[in-house]
Amino acid sequence: MKHLTIIVPEGENNLSSIVGTYKIFTRANEYRTKAGHKAVFSIQLAGVSDEVEFYEGLFSVKPHTNIAAITKANLIIIPSLNHNYEKAVKGNKTLIDWIAKQYKEGAEIATICTGAFMLAATGLLDGRSCSTHWAASENFSRMFPNVQLQADKLITDENGIYTNGGAYSFLNLLIYLVEKYYDRPTAIFCSKVFQIDMDRKSQSAFTIFTGQKLHGDEVVNKAQEYMETNLHEKISVEYLSARFAVGRRNFDRRFVKATGNTPGEYSQRVKIESAKKAFENSRKTINEVMYDVGYSDVKAFREVFRKITGMSPAEYRSRYNKEASV
């Protein structure tokens, strides 16, 4: 039987991802045994303390065992952390070292939401793809610049390392892992029992683009502000570089380094974020919104909108604004 370790980190972190993981894998085991098969995993919560408190002592978790007692783990799941990522990483060095050692000895690792910060601190994600909550992506990129962050993806799967997007999307990752370690029928059963959509690929529809502003490059900040306050204009890179007296190539390089996007990509994201808000809060037609954010070609607008959100403008408006779809 394989061993599943659900990590219980030190500190005020996320309880729901620990409980949810334990419940889903326990139910998967029960389904398998009732069907006459052996359970796939022995499941243990493990940490470095006998008890960890959550939500100012309102709840607590008592891990089954200490990580020092686990000689061989097959799958390790790291839950979501709190919003003070640096504190969470610094307070869990023992766990981080243990996770790195287990991976080198053959264990696979899965992270839930901002648990990616703990995994990235091991160095195992350097040069690899990773997802995390879209709201934490800027901090993640700042702390771990050698990781190939793909915050639009719901799940990444690379060399025995799995990561996922934010919040309760961890349920989709768990169903993905159940299918991988058990089988498709068990995954379908769990998805039905816990009412979780299967085969979701992206968290793009949930992303709120706020722009990467923590980089400290004043020229880039001014360019970002200009793009954000002149949505209706078609702004070229040549115009921006001239406006801020920076050579075109140098401007491009600085902008990508600071924001992770080319100026053109950033402009698209700003415009589409504004369009999303209009679809959510107004009864404007798709064409009206399109013109408001500086597009005149319906086909181009739809293509960019779908590329960024994973949905068409009509689908997005129907999902988030019931009045507009009447």
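Within each chain, residues carry numbers counting from 1 in the order of the written sequence. For a predicted model such as this one, the threshold for reporting local features is a pLDDT of at least 70, and the threshold for listing and counting side-chain atom pairs is 80 or more; totals across whole chains, interfaces and linings nevertheless cover every residue. Only hydrogens and water are set aside when side-chain values are computed; all heavy atoms of the structure are taken into account.

**Here we look at the sheet that holds strand β1 (residues 2-7)**
DSSP bridges decide pairing: two strands pair if at least two such bridges lie between them. Secondary structure elements are taken from DSSP: a helix is a run of H or I of four residues or more, a strand is a run of E of two residues or more, and numbering for both begins at the N terminus. Ordered by their spatial adjacency, seven strands build an open sheet running β5-β2-β1-β6-β7-β11-β10, and the pairing between neighbours is mixed. Edge positions in the open sheet fall to β5 (65-66) and β10 (155-158), since each of these has one partner strand only. Note that β10 and strand β11 (residues 161-164) share four bridges and pair antiparallel. What sits directly across from Ile155, in β11, is Asn164. When checking whether two residues touch, look at their non-hydrogen atoms; a contact exists if any pair is within 4.5 Å. Between N-to-C directions, angles span 0 to 180 degrees; the directions come from axes that are lines fitted to C-alpha atoms, helices contributing only their stretch in contact. Running over the sheet, helix α1 (residues 16-34) touches β1, β2 (41-47) and β6 (75-78) and is turned about 165 degrees from β2.

**Observations regarding the packing of α1 against helix α7 (residues 184-193)**
Where α1 meets α7, the axes come as close as 10 Å, and the angle between the chain directions of the two elements is 125 degrees. Between α1 and α7, the angle is such that the two are oblique. Note on packing geometry: the crossing formed by α1 with α7 is right-handed. Where α1 approaches α7, its residues Ile24, Arg27, Ala28, Tyr31 and Arg32 are matched on the opposing element by Pro185, Thr186, Phe189, Cys190 and Val193. Grouping the constituent residues of the contact of α1 with α7 by class yields seven nonpolar, one polar and two charged. Roughly parallel here means an angle under 35 degrees, roughly antiparallel means over 145, roughly perpendicular means 65 to 115, and every remaining angle is called oblique. By definition, turning the near helix anticlockwise from the far helix through less than a right angle yields a left-handed crossing, and turning it clockwise yields a right-handed one. Put simply, Ala, Val, Leu, Ile, Met, Phe, Trp, Tyr, Cys and Pro go in the nonpolar bin, Asp, Glu, Lys and Arg in the charged bin, and everything else, Gly too, in the polar bin.

**Things to note about the pattern of salt bridges**
When a carboxyl oxygen of Asp or Glu lies within 4 Å of a side-chain nitrogen of Lys or Arg, that pair is called a salt bridge. A complete count under the given rule lists 15 salt bridges for this structure. Two residues, Asp292 and Lys284, come together in a salt bridge whose shortest N-O distance is 2.6 Å. Relative accessible area decides the class of each residue, using a 1.4 Å probe on protein chains only: under 20% of the type maximum gives buried, over 50% gives exposed, and in between gives partly exposed. Overall, the relative accessible area of 39% leaves Asp292 in the partly exposed class. Judged by its relative accessible area of 35%, Lys284 falls in the partly exposed class. A single salt-bridge network, built from bridges that share partners, covers Glu238, Arg248 and Asp252.

**Focus: a nonpolar patch on the surface**
Patch definition: residues above 30% relative accessible area lacking any salt bridge, with like charges linked at up to 9 Å and the nonpolar side chains Val, Leu, Ile, Met, Phe, Trp and Tyr linked at up to 5 Å. Residue-level accessible areas treat just the shown protein chains as cover; the underlying method is Shrake-Rupley with a 1.4 Å probe. A grouping of Tyr55, Leu58 and Phe59 is seen on the molecular surface, where their side chains present a nonpolar patch of about 330 Å² in accessible area. Note that Tyr55 resides in the loop between β3 (52-54) and β4 (59-61). The class for Tyr55 is partly exposed, based on a relative accessible area of 40%.

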